[in-house]
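# Examination of the molecular architecture
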Amino acid sequence: RNRGYFLILDCLEETLESRILKWAKEHKKYKAPILGIFHGKFSPEQDKLFMDRLKVVHDIAGAMTYLHKQNVIYRDLKPNNLGFYSQD
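Presented here is an overview of the structure given in this document.

What counts, and at which threshold
Residues numbered from 1 in each chain as written. Predicted model: local features only at pLDDT ≥ 70, side-chain atom pairs only at ≥ 80, totals over all residues. Heavy atoms only, no water. Helix = DSSP H or I, 4+ residues; strand = E, 2+ residues; numbered from the N terminus. Buried < 20%, exposed > 50% of the residue type's maximum accessible area, 1.4 Å probe, protein only. Contact = heavy atoms within 4.5 Å. Areas by Shrake-Rupley, 256 points an atom, 1.4 Å probe, with all protein chains shown as cover. Axes fitted to C-alpha atoms, helices over the stretch in contact; angles between N-to-C directions. Parallel < 35°, antiparallel > 145°, perpendicular 65-115°, else oblique. Left-handed = near helix turned anticlockwise from the far one by under 90°. Nonpolar A, V, L, I, M, F, W, Y, C, P; charged D, E, K, R; others polar. Phe/Tyr/Trp six-rings, centres within 6.5 Å; stacked < 30°, edge-to-face > 60°. Lys NZ or Arg CZ within 6 Å of the ring centre and 35° of its normal. Salt bridge = Lys/Arg side-chain N within 4 Å of Asp/Glu carboxyl O. Core = buried A, V, L, I, M, F, W, Y, C linked by side-chain atoms within 4.5 Å.

### With respect to the overall build of the chain
- When helices and strands are tallied, the chain shows 2 helices and 2 strands.
- Listing the helices and strands of the chain from first to last along the sequence gives β-α-α-β.
- Sorting the 88 residues of the chain into buried and exposed places 16% on the buried side.
- Sequence-distant contacts in the chain: of pairs separated by 6 or more residues, those separated by 24 or more amount to 54%.
- A total of about 7,800 Å² of accessible surface is found on the chain, and carbon and sulfur atoms cover 57% of it.

### Description of the packing of helix α1 (residues 16-30) against helix α2 (residues 44-69)
- At a closest axis distance of 11 Å, the pairing of α1 and α2 adopts a crossing angle of 160 degrees. Classified by the angle their axes make, α1 and α2 are roughly antiparallel. In the packing of α1 onto α2, the handedness of the crossing is left-handed. Along the contact surface, α1 presents Leu16, Arg19, Trp23, Ala24, Glu26, His27 and Tyr30, while α2 presents Glu45, Gln46, Leu49, Asp52, Arg53, Val56 and Ile60.
- Classifying every residue of the contact of α1 with α2 by side-chain character gives 7 nonpolar, 2 polar and 5 charged.

### Digging into the packing of aromatic side chains
- By the definition in use, this model includes 0 aromatic pairs.
- Taking NZ or CZ as reference, arginine 19 lies 3.5 Å from the ring centre of phenylalanine 84, over its face.

### A closer look at the pattern of salt bridges
- Inspection of the entire model under this criterion finds 4 salt bridges.
- Salt-bridge contacts for lysine 48 lead to aspartate 52; the nearest nitrogen and oxygen are separated by 2.9 Å. Of this pair, lysine 48 and aspartate 52 both sit in helix α2, 4 residues apart, which is roughly one turn of the helix.
- Look at aspartate 52 and you get partly exposed, because its relative accessible area is 30%.
- Across the pair aspartate 59 and lysine 55 runs a salt bridge whose closest N-O atoms are separated by 2.8 Å. You can see aspartate 59 and its partner lysine 55 sitting in helix α2, 4 residues apart, about one turn around the helix.
- Classification of lysine 55 as exposed rests on a relative accessible area of 51%.

### Observations concerning the nonpolar core
- Counting residues in each nonpolar core, the largest one holds 5 residues, listed as Leu16, Trp23, Val56, Leu82 and Phe84.
- In this view, tryptophan 23 contacts Leu16, Asp52, Arg53 and Val56; residues no more than four positions away in its chain are not counted.

Listed below in structure tokens is the structure:
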């Protein structure tokens, strides 16, 4: 008999979709090319924004790697289904 499994996920405070929209608004303030960091053209604030985004990408990749190693396939990967939890 084939038994299926499912995950119950908490409702998180912020989704990746909402964070992307926030990043887009912040990026417009600087009007710099997104790859400017590689040419030394970013201000310290822009460097921080870029590094924040890079950390999120790294964390998502790590989470997906972990799930796949556990033989879990997450079939609905999209920005609205990825969330952030902040502990105050």
